[in-house]
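Read off the chains here:
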Amino acid sequence: MSYQSDLYQQVILDHNKNPRNFREIEGHSNSCDGYNPLCGDKINIHMQINESGLIEDIAFSGSGCAISKASASMMTVNMKGKTVADARVMFEEFHKMITGVMEPQPGAHHLGKLTIFQGVREFPSRIKCASLAWHTLVCAIDKTGETTIE
Amino acid sequence: MSYQSDLYQQVILDHNKNPRNFREIEGHSNSCDGYNPLCGDKINIHMQINESGLIEDIAFSGSGCAISKASASMMTVNMKGKTVADARVMFEEFHKMITGVMEPQPGAHHLGKLTIFQGVREFPSRIKCASLAWHTLVCAIDKTGETTIE
Amino acid sequence: MGLNKKPELMPEIEKIRADFPMLSAKVGDRPLVYLDNAATTHKPLAVIERIRKFDSQQYATVRRGSYRMGEWATEMFEDSRKKVAAFINAGDHRQIVFTSGATMSMNLVAHSFGRKFIGAGDEIIISNMEHHANIVPWQLLCLEKGCVLKVIPITDSGELIMGEFDKLLSPKTKLVAITHSSNVLGTVNPIKEIVKKAHAAGAKVLVDAAQSTPHMKIDVKEMDCDFLAFSGHKMYGPSGIGVLYGKYEVLESMPPFLAGGDMINSVTLARTTFAKPPGRFEAGTPPISQVIGLGAAVDYLSAIGLDRISAYEQSLLEYGTELLGKIDGLRIIGTAPHKAAIISFWLGAAHPHDVITIIDQDGIAVRGGHHCAQPVMERFGIPATTRASLSFYNKYEELDQLAESLKKVIKVFG
Amino acid sequence: MGLNKKPELMPEIEKIRADFPMLSAKVGDRPLVYLDNAATTHKPLAVIERIRKFDSQQYATVRRGSYRMGEWATEMFEDSRKKVAAFINAGDHRQIVFTSGATMSMNLVAHSFGRKFIGAGDEIIISNMEHHANIVPWQLLCLEKGCVLKVIPITDSGELIMGEFDKLLSPKTKLVAITHSSNVLGTVNPIKEIVKKAHAAGAKVLVDAAQSTPHMKIDVKEMDCDFLAFSGHKMYGPSGIGVLYGKYEVLESMPPFLAGGDMINSVTLARTTFAKPPGRFEAGTPPISQVIGLGAAVDYLSAIGLDRISAYEQSLLEYGTELLGKIDGLRIIGTAPHKAAIISFWLGAAHPHDVITIIDQDGIAVRGGHHCAQPVMERFGIPATTRASLSFYNKYEELDQLAESLKKVIKVFG
Ligand SMILES: Cc1ncc(COP(=O)(O)O)c(C=O)c1O
Ligand SMILES: Cc1ncc(COP(=O)(O)O)c(C=O)c1O
């Protein structure tokens, strides 16, 4: 296990430095504020979902560590153009992957490049960093408005 | 140290079985209820003190262990006819004796037969049993009405 | 019946005794005969060594998501929570709140649940056999809130008069706070029946299990109680640690009690939001090493088996009851058919305080006093009792020694 | 100044380190470099062995006036109280209340003193550098009672703005609750001056000494504070034990908080009378072994000497501040001239959470987060800090290792 090969890969460091979709969406249809009280991370998700359940736009703002920021950034990139149903499936798969419940064999899931986060499982205290954006995504879809992972 | 020679001497056992002045005094001038919360002992003292501070009568009631009962009984026997000032001096001496602060050399104090309680010092948890009646006596003299030794 | 020793119920008794270093202690020149297990129990090496190992090789603070040392400590800490949950068959381990002791657990319920859900005119039912820890918090609550404390009376043998309980129950009843097993009488109360009736009346039930967790298998799902409180030090674990079990939805409905670090989600100087249970009720640095030690105690007890423990202790109880019953002038207080291995008695001639001083000279440790249960004393019209409370690490021979020593007391006071 | 190691201030450092078994622990294959002492401290063998000895050779319950084993345990227990009293120069040991931790000590004051003496419109003054344990209890109190929380602001270097304190003080002020030393900034506050002014305004003062008792000589008589709260586990003692010092006459004026055994004089089902302090505030079986262990910790610290500890830690602080100050992009948060050996910092490129994960790979344990002091974070406009908090058992070389490791972090995120 090495933090550089397993956790802080170049892609993650890049998304941390240059987060994609790091903005707000005016007149968004869905949103949620997500908190990780343990480390004080906050992620806000804005979404534009149309009547047929398609995610037309998604963006995030807030502050957090490299893992939570990169995770949010890569998630938004992946979510655009997906349906709400797809999003829920991917949330499940992502969660199973980072907690070590599911091995990310190629072809057996929809995660694509997101498998880069599989190394998180070796750093239990960082699992919540990687999952914060995802919990917040589901919360936004459910229009719950606020979520806290404990 | 032996409990029979040091603590439960015949005189004490006798006063426990046949406590003297174990009664109430109607129309008493002074009284106090004394409690030992640790063991639940209760001793009530009634006194008749005249204008010149002479203890004309003293009696006790309540429930307690052999040590507290015998101590109360022997105290009342000793107090009758003494002055309030005498009582205070004896309280001090008795207390010093049972806590081991004062050695009861003959002639150096006013305790007389009460030196039989000196063995209590070897049984720290019983010191309060021996002193309950005495604390209650001072409380009655002071007309405080209620006292608790902790 | 008869004076029947059944050592076959605990054939490895000497091995077990060797697990407890305190059992080879001496009092003066006499070996300690420890019969005060209802006050506190001794710790097996497994617990003592677990704490020592944790403190010297694994110690870190918990729950702060940090370096690995801290993560490992947190894992062990949460593992203890799971062990405790399994021990009382709680299912979801988030229903286990760690406190500093049973007293604290009950105070937590009084302050958090009580102050929110119990108001003027509401009623709380307790019984005449409660420990002060299950009386005074409710008295203080009722003083503050104007609620009313009702008391289930008990029979001369020390059993709840269930017909009276039925009469006390009403829509006004908000809480029934009842001991599972009395620390003076030994009586084991019919919790399942009480819970059923209380729930039918719309009341919640708190069970004081301080005296039962060490001695019998506890199943909170079967009991269906809303709260269960107990202490580590009475079940062969460390001092300074207790547990409050609460049904999750009940815990979730309750406001926090103690405030500080770790029980909050976010604090600003203006407003604070609180964590979910159990965190909500665990403010500040928890008793870390003690939680770890409690896990070891649970493992130890489970390895022996609560059923075997109960069976052997019941046999000790039967033996001791017979034996002491033969002593002239000795009156046993608490003779319910269903009781734990506690023998309280009143020895005509000698006050309990004198009894313990004298038998202490023989190395025998029993308790004399009101046992923090003054209303029981009043009920039986005595100021105090002498109490021998037994454990699976006791032997029949220790009861023989107690009986012999009591005969000496009678001789002194005869 | 300059990068000046002064090992002569603690010439026996290796001997001291050998006293702490945890200091030879490994994290993976790296020796542990423990710099999270503000969170919790490791225990010397003297403490670990004292607890083990007590639990295996001397264990009994306390304060119930019983057999000799129990009397001896009570004596040791009360002896610890006297040691703690002497440690903070409290004089009368009845002013020492044992609690489960600093958090509990402050909650005790909030519930007992607060709910009795603080009402609608009254004011409580805290500061902008408090730990949540010294914020949330007062927020909850004010929510309930309608009192108002006032906050002393702090300067950019992390010092109280005393002029603002003067303005906040008024006849409405009932309590000033202030930390002696900040767990994030390190700042040591001028308690004597604060107490003097508060008393002149008729307010009582509670000092949160969780971060100062381990590091500097405390003299409550000189401070003249009304309450002082601290934890065992932060001063090289066991977890699960804390202390509330209170002036006797103040404690005596307060109602009980937790209710149960040992805090009462007499209980009937109708009425209960309470014991005098400290017993009034120590309901239930106390953390017995932990009290004994705390006594051993106090002995250990006193033997080294708090003055020597302070001097050496100050030198470590100076060295570390210089060293880390040289790291590019590293901003130290908390630069008061009078501070304890805590270095909090913000490392531009890397979030504290990432910092600790990376340096953890080198065996270095520091804390990253808000340190249960979110208002401090807000004040400095950062979400979290990385914090190295030092102890007299740390070495200059460990700070060198920290600096080296931080440089790696910068390389990763550069
Ligand atoms: C029935 C019962 N309830 C509650 C308690 C209180 O337990 P603790 O003192 O460990 O808080 C005790 C023990 O003293 C007890 O016997
Ligand atoms: C300044 C300060 N106050 C209070 C506390 C709370 O102490 P504990 O968690 O031991 O109750 C801490 C430690 O976390 C602290 O640093």
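Counting restarts for each chain: residues are numbered from 1 in the order of the written sequence. All chains are assigned letters beginning with A, and all ligands numbers beginning with 1, in the order in which they are written. For a predicted model such as this one, the threshold for reporting local features is a pLDDT of at least 70, and the threshold for listing and counting side-chain atom pairs is 80 or more; totals across whole chains, interfaces and linings nevertheless cover every residue. Side-chain figures throughout are based on the complete set of non-hydrogen atoms in the structure, without hydrogens or water.

### Details of the overall build of chain A
- The secondary structure content of chain A amounts to 5 helices and 4 strands.
- A run of H or I in DSSP becomes a helix once it reaches four residues, and a run of E becomes a strand once it reaches two; helices and strands are each numbered from the N terminus. When the helices and strands of chain A are read in sequence order from the N terminus, they spell out α-α-β-β-β-α-α-α-β.
- Accessible area is worked out with a 1.4 Å probe on protein chains only. A residue is then buried under 20% of its type maximum, exposed over 50%, and partly exposed in between. Relative to its 150 residues, chain A shows a buried fraction of 55%.
- Taking the intrachain contacts of chain A between residues at least 6 apart in sequence as the baseline, contacts between residues at least 24 apart amount to 60%.
- We get accessible surface area from the Shrake-Rupley algorithm with a probe of 1.4 Å; when it comes to residues, only the shown protein chains can shield them. Of the roughly 6,400 Å² of accessible surface on chain A, a fraction of 49% belongs to carbon and sulfur atoms.
- For the purpose of charge, His is not counted, nor are the chain termini; Lys and Arg are scored as positive and Asp and Glu as negative. Note on charges: their place is set at NZ of Lys, CZ of Arg, CG of Asp or CD of Glu. For chain A, the centre of its 14 positive side-chain charges and the centre of its 17 negative side-chain charges are spaced 5 Å apart. Here a residue-residue contact requires only that any non-hydrogen atoms of the pair lie within 4.5 Å.

### Describing the site of ligand 2
- Only a single heavy atom is needed: when it lies within 4 Å of a molecule or strand, its residue is near that molecule or strand. Not every one of the 14 residues close to ligand 2 is listed here, only the nearest: T285 of chain C together with T103, D208, S231 and K234 of chain D.
- Mapping the residues adjacent to ligand 2 onto the chains of the assembly identifies chains C and D.
- Here an oxygen atom of ligand 2 sits 2.5 Å away from a polar atom, N or O, in the side chain of T103 of chain D.
- For ligand 2, an oxygen atom lies 2.7 Å from a polar atom in the side chain of K234 of chain D.
- When ligand 2 is considered free in solution it has 390 Å² of accessible area, and contact with the protein chains removes 98% of it.
- Residues that form the shell around ligand 2 fall into these classes: 3 nonpolar, 9 polar and 2 charged. Throughout this description, a polar contact denotes any pair of N or O atoms lying within 3.5 Å of each other; where both atoms belong to protein, one of them has to be capable of donating a hydrogen while the other can accept it, and for residues adjacent in sequence the pair is counted only when both atoms sit in side chains. The nonpolar class holds Ala, Val, Leu, Ile, Met, Phe, Trp, Tyr, Cys and Pro. Asp, Glu, Lys and Arg form the charged class, and all remaining residues, Gly among them, are polar.

### Considerations on the interface of chain C and chain D
- Facing 86 residues of chain C, the contacting portion of chain D comprises 86 residues.
- The term buried area denotes the loss of accessible surface (1.4 Å probe radius) that occurs when two parts are joined, taken as the sum for both partners. Here chain C and chain D share an interface that buries about 6,900 Å² over both sides, 59% of which is from carbon and sulfur atoms.
- By definition, a salt bridge exists where a carboxyl oxygen of Asp or Glu is found within 4 Å of a side-chain nitrogen of Lys or Arg. Inspection of the region where chain C meets chain D yields 6 salt bridges.
- In this structure, the salt-bridge partner of E144 of chain D is R115 of chain C, at a minimum N-O distance of 2.6 Å.
- Remark: the boundary between chain C and chain D carries 24 residue pairs in polar contact (both at pLDDT 80 or more).
- The residue makeup of the side of chain C that touches chain D, split by class, is 37 nonpolar, 34 polar and 15 charged.

### Comments concerning the domain arrangement of chain C
All names here are of chain C.
- Per the annotation, domain bounds derive from an automatic or database assignment of domains. Domains assigned within chain C are domain 1 (7-31 + 306-413) and domain 2 (48-303).
- Just the C-alpha atoms count here: the centres of domain 1 and domain 2 sit 28 Å apart.
- Contacts between the two partners involve 35 residues from domain 1 and, on the opposite side, 31 residues from domain 2.
- Across the domain 1 to domain 2 interface the summed buried area is about 2,600 Å²; carbon plus sulfur atoms make up 60%.
- The largest per-residue losses of area from domain 1 upon contact with domain 2 belong to L306, C372 and R379, which jointly make up 23% of the total buried on that side.
- A salt bridge links R379 to D156, with the shortest nitrogen-to-oxygen separation between them at 2.8 Å.

### With respect to the relation of the copies chain C and chain D
- After a rotation of 180° and a shift along the axis of 0.0 Å, chain C superposes on chain D with an RMSD of 0.0 Å. What the superposition gives is, in effect, a two-fold axis relating one chain to the other. Residue G240 of chain C, judged by its C-alpha, is the member of chain C lying nearest the rotation axis, at 2.9 Å.
- Take the interface residues of chain C: 100% of them recur as interface residues in chain D, which is what a same-surface contact looks like. Only residues with pLDDT of at least 70 in both copies contribute their C-alpha atoms to the least-squares superposition of the copies.

### Let's talk about the state of the cysteines
- Sulfur atoms of two cysteines make up a disulfide when they are within 2.5 Å. By the definition in use, this model includes 3 disulfides over all chains.
- Across the disulfide, C32 of chain A is cross-linked to C139 of chain A (sulfur-sulfur distance 1.9 Å). Across the disulfide from C32 of chain A to C139 of chain A, rotation about the S-S bond amounts to roughly 85°, and the bridge is consequently right-handed. A residue pair is termed long-range when its members are at least 10 positions apart, and C32 of chain A in strand β1 (residues 30-36) and C139 of chain A in helix α5 (residues 127-141) qualify at 107 residues. Here C32 of chain A and C139 of chain A have matching classes, each one buried.
- Between the sulfur atoms of C142 of chain C and its disulfide mate C147 of chain C the distance is 2.5 Å.

### Brief notes about the site of ligand 1
- The immediate surroundings of ligand 1 are formed by 15 residues, with T103, D208, S231 and K234 of chain C together with T285 of chain D found nearest.
- The residues that come close to ligand 1 belong to more than one chain, namely chains C and D.
- Contact distances for ligand 1 include 2.7 Å between an oxygen atom and a side-chain N or O atom of K234 of chain C.
- Look at ligand 1: alone it shows 390 Å² of surface, and the protein chains cover 98% of it.
- With 3 residues, helix α4 (residues 102-117) of chain C is the largest single contributor of residues to the shell around ligand 1.
- In terms of residue class, the shell around ligand 1 is made up of 4 nonpolar, 9 polar and 2 charged.

### Points about the pattern of salt bridges
All names here are of chain A.
- Under the defined criterion, the tally for this structure stands at 68 salt bridges over all chains.
- Two residues, R88 and D142, come together in a salt bridge whose shortest N-O distance is 2.8 Å. With a gap of 54 residues between them, R88 in helix α4 (residues 84-98) and D142 in the loop between α5 and β4 (145-148) connect regions that are remote in the sequence.

### Focus: the sheet that holds strand β9 (residues 227-231) of chain D
All names here are of chain D.
- Taken in spatial order, the 7 strands line up as β4-β10-β9-β8-β7-β5-β6 in an open sheet, and their pairing is mixed. Lying at the two open borders of the sheet, with one neighbouring strand each, are β4 (96-99) and β6 (148-152). The average undirected angle you get between the axes of adjacent strands in this sheet is 20°.
- Two strands qualify as a pair provided DSSP detects at least 2 bridges between them. Of the strand pairs in this sheet, strand β7 (residues 173-179) and strand β8 (residues 204-208) are connected by 5 bridges, and their pairing is parallel. Counted as the bridge partner of I178 is V207 from β8.
- Angles here are taken between N-to-C directions and fall from 0 to 180 degrees, while the axes themselves are lines fitted to C-alpha atoms, restricted in helices to the stretch in contact. On the sheet, helix α3 (residues 68-87) packs against β4, β9 and β10 (242-246) and is oriented at approximately 115° with respect to β4.
- Here helix α4 (residues 102-117) sits on the sheet and contacts β4, β7, β8, β9 and β10; the angle it forms with β9, its principal contact strand, is near 150°.

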